[in-house]
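Listed here are the chains, written in short residue letters.
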Amino acid sequence: MADEELIEEAARLIAGAKNLVAFSGAGVSAESGIPTFRDPGGLWDRFDPYELGGGDIFSALLRGSKIPASATDFVSEMLDVLERARPNPGHLALGELERMGILRSVITQNIDNLHREAGNTRVIEVHGNIFRLACLGCGGKINLGRDDLFELGRRLVELLRRGDLQGLIALASRCWCGGVCRLDVVGFGEPVQDMPQAVQEARRSDVFLILGTSGAVYPAAYLPEYAKSAGAKLIEINATGCYFQELVDVGIIGKTGEILPRVVERVRDLRAGGGET
């Protein structure tokens, strides 16, 4: 089926949806310049995640007195990438679907906050959010603005370069209770966040939109199966192939930032009376 026919079919399903849910992975953020962690050349191809506390540098530091040699390079690169990243047309298209009253929620494996910056207000972040801190003492959460995160990051890099472990612990002691905070992201071997809520959203959906995920990371990769088993129609858009082809009703190979805006434009036409849904 030609791209235009697939886009038309996807648009008709979305335009008629009562409970549209989107599920996004690293491929969506890759279009904003954030490299995937697992692919060749990605962060976990060049850094040892276990040396770095599974990706949470504060936890690694608090477990011992030795600062990993690669920590400074890892943190510097992450900060540089995140500071440059902005929502791309795929993110913005999801924001538009919410404003149209069609999109119920976004479930994402990404930690970069870009869905929220694009205007989505109901975002379930199963791997956490790097713009948020979690207190190891009381369990409280602290949201960080862009300026706050990057100022914190610059101070972190400076302390890492100096090898100042006590300074790093002082930097992490940011909670009102006096407790030490860590980045609120899921490290290797840690349980995902809000998975029951994500499963509930998938099962309630009547159209489930799969964007930029290879389905390699579990348990999040089970979500399309939950949606399908509950009767939802599934649409997949992915630049590197259709990984859920046995489940999906419409599969489109292409970048989310290129395909999804075209789908949303057609949805807008259909909702305005430009075609039957």
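Residues numbered from 1 in each chain as written. Predicted model: local features only at pLDDT ≥ 70, side-chain atom pairs only at ≥ 80, totals over all residues. Heavy atoms only, no water.

**Things to note about the overall build of the protein chain**
Helix and strand content of the protein chain: 12 helices and nine strands. Evaluated residue by residue, the protein chain yields a buried proportion of 53% over its 277 residues. When contacts within the protein chain are restricted to residue pairs at least 6 apart in sequence, those whose partners lie at least 24 apart make up 66%. (Helix = DSSP H or I, 4+ residues; strand = E, 2+ residues; numbered from the N terminus. Buried < 20%, exposed > 50% of the residue type's maximum accessible area, 1.4 Å probe, protein only. Contact = heavy atoms within 4.5 Å.)

**Describing the pattern of salt bridges**
Counted under the stated rule, the structure contains 19 salt bridges. A salt bridge links R154 to E151; the shortest N-O distance between them is 3.8 Å. In this pair, R154 and E151 are both assigned in helix α8 (residues 146-162), three residues apart and thus about one turn of the helix distant. Between E158 and R162 there is a salt bridge whose closest N-O contact spans 3.0 Å. With E158 and R162 both in helix α8, this residue pair falls four residues apart, about one helical turn. In the salt-bridge network here, residues are joined through shared partners; they are R116, E125, R132, K141 and D184. (Salt bridge = Lys/Arg side-chain N within 4 Å of Asp/Glu carboxyl O.)

**Thoughts on the sheet that holds strand β8 (residues 233-238)**
Across the sheet, which stays open at both edges, the six strands sit in the order β3-β2-β1-β7-β8-β9 with parallel pairing between neighbours. The open sheet has two edge strands with one neighbour each: β3 (123-125) and β9 (250-253). Within the sheet, the average angular offset between the axes of one strand and its neighbour, ignoring direction, is 15°. Note: strand β7 (residues 207-211) against β8, five bridges, orientation parallel. Looking at the pairing, F208 lines up with L234 of β8. (Pairing = 2+ DSSP bridges. Axes fitted to C-alpha atoms, helices over the stretch in contact; angles between N-to-C directions.)

**Quick look at the pairing of β9**
Taking every second residue as pointing to the same face, the buried face of β9 carries V250 and I252, while none of G251 and I253 on the other face is buried. Relative to β9, β8 runs parallel, the two sharing four bridges. Along β9, the bridge assignment pairs E236 with G251.

**As for unusual backbone geometry**
Residue P219 is reached from Y218 by a cis peptide bond, and omega for that bond is 10°. Looking at where P219 falls in the secondary structure, it is placed in the loop between β7 and α11 (223-229). Unlike most non-glycine residues, N113 shows phi in positive territory, near 75°. Mapped onto the fold, N113 is located in the loop between β2 (103-108) and α7 (114-117). Of the residues examined, N113 reaches a relative accessible area of 16% and is grouped as buried. A positive phi angle, near 55°, is found at D194, a position not held by glycine. Relative to the elements of secondary structure, D194 occurs in the loop between β6 (181-185) and α10 (195-204). Look at D194 and you get partly exposed, because its relative accessible area is 39%.

**Side note on the packing of helix α6 (residues 89-99) against helix α12 (residues 256-271)**
A packed helix pair is summarised by two numbers, namely the angle formed by the two axes and the spacing between the axes. At a closest axis distance of 7 Å, the pairing of α6 and α12 adopts a crossing angle of 25°. When the axes of α6 and α12 are compared, the pair comes out roughly parallel. In this structure, α6 meets α12 at a crossing whose hand is left-handed. Facing P89, G90, A93, L94, E96 and L97 of α6, the residues of α12 in contact are T256, G257, L260, P261, V264, V267 and R268. Grouping the constituent residues of the contact of α6 with α12 by class yields eight nonpolar, three polar and two charged. (Parallel < 35°, antiparallel > 145°, perpendicular 65-115°, else oblique. Left-handed = near helix turned anticlockwise from the far one by under 90°. Nonpolar A, V, L, I, M, F, W, Y, C, P; charged D, E, K, R; others polar.)

**A closer look at the packing of helix α5 (residues 71-84) against α8**
Contact geometry of α5 with α8 gives a least axis separation of 10 Å together with a crossing angle of 160°. In this view, α5 runs roughly antiparallel relative to α8, as classed from their interaxial angle. Both α5 and α8 take part in a crossing whose hand is left-handed. Taking contact as the criterion, the partners of A71, T72, V75, S76, L79, L82 and E83 in α5 are, on α8, R146, L149, F150, G153, R154, L156, V157, L160 and R161. Of the residues contributing to the contact of α5 with α8, the split by class is nine nonpolar, three polar and four charged.

**Describing α12**
For α12, with 16 residues, the first-to-last C-alpha span of 21 Å sits near the 22 Å given by 1.5 Å per residue. Regarding α12, the residues found buried are T256, G257, I259, L260, V263, V264, R266, V267 and L270. On the buried face of α12, the contacting elements are α1 (3-15), α2 (26-30), α6, β7, β8 and β9. A positive backbone phi angle near 100° is found at G273, which sits one or two residues after α12. (Expected span 1.5 Å × (residues − 1).)

Functional significance is not addressed by these values, which are geometric in nature.
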